[in-house]
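# A closer look at the structure
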Amino acid sequence: ADLVGLLSSSVAQVATTGAAEETLISYTLPAAVLATNGMGLRIITGGKTAANANNKRALVRFGGAAGTIVGDTTTVAANAKDWLTESYVLRTGAATQVAVGHGAFDGQAPTIRNTSPTQTLTGTVDIVLRANGVASGDLTSLFMTVELLG
């Protein structure tokens, strides 16, 4: 039978504090949740930007702060805009995955990214929403959901 369900839902409103990429929301995927090839995750994040002309970026990493980028708005001078990322990560082996994701600020063309993470799924895996701007408060998270796809 197919397994489907919400693993995590966070409505943390966390603002960036400066120019460095930083974690706004995180979720630790328990060991062996993606037990067989073809199982996967859907990761959706969203938020808003400050009303200024500073460059801003939101990205989702699979494997912690230095993990593979699986969703990305790219860097844009988004002025008072909403943003969204949606990413899919599917298991292809015990330590290999395929991922595709997209992200965009309101009014901007989406950026699509295809990647091949290499996380060992017999252990835990951190999934993080990270972001950066120029000044404190340039970008704020509103939510992150992680769903299991069977």
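Presented here is an overview of the structure given in this document. All of these numbers come straight from a predicted model, not from anything done at the bench.

### Describing the overall build of the chain
Counting secondary structure elements, the chain contains zero helices and ten strands. Walking the chain from its N terminus toward its C terminus, one meets helices and strands in the order β-β-β-β-β-β-β-β-β-β. Along the first, second and third principal axes, the C-alpha set of the chain runs to 50 × 25 × 25 Å. Counting all 150 residues of the chain, 45% fall into the buried class. Of the roughly 6,600 Å² of accessible surface on the chain, a fraction of 53% belongs to carbon and sulfur atoms.

### Remarks on the sheet that holds strand β10 (residues 139-149)
One open sheet holds the six strands; their spatial order is β1-β10-β3-β6-β7-β8, and the pairing between them is antiparallel. Of all strands in the sheet, those bounded by a partner on one side alone are β1 (4-10) and β8 (111-115). Shown here is a sheet whose adjacent strand axes are inclined to one another by a mean of 15 degrees, direction ignored.

### Quick look at the pattern of salt bridges
A full pass over the atoms with the stated rule returns five salt bridges. The shortest N-O distance in the salt bridge between Asp72 and Arg57 comes to 2.6 Å. Taken together, the positions of Asp72 in strand β5 (residues 68-72) and Arg57 in strand β4 (residues 57-62) put the pair 15 residues apart, joining distant regions of the chain. Judged by its relative accessible area of 18%, Arg57 is buried. Taken together, the salt bridges that share partners define one network made up of Glu21, Arg61 and Arg130.

What counts, and where the lines are drawn
- Every chain is numbered independently, its residues counted from 1 as its sequence is written.
- Where local features are concerned, this predicted model is filtered to residues with pLDDT of at least 70; where side-chain atom pairs are given and counted, the filter is 80 or more; whole-chain, interface and lining totals use all residues.
- Note: side-chain values were computed over all heavy atoms of the structure, leaving out hydrogens and water.
- Numbered from the N terminus, helices here are DSSP runs of H or I no shorter than four residues, and strands are runs of E no shorter than two.
- Per-residue accessibility, obtained with a 1.4 Å probe over protein chains only, is compared with the maximum for each type, and a residue is labelled buried under 20%, exposed over 50%, and partly exposed between these values.
- With residues, only the protein chains shown are counted as cover, and all accessible areas are computed by Shrake-Rupley using a 1.4 Å probe.
- For two strands to pair, DSSP has to find at least two bridges joining them.
- Every axis corresponds to a line fitted to the C-alpha atoms, with the helix fit spanning only the stretch in contact, and the corresponding angles, defined between N-to-C directions, vary from 0 to 180 degrees.
- Every case where a carboxyl oxygen of Asp or Glu lies within 4 Å of a side-chain nitrogen of Lys or Arg is listed as a salt bridge.

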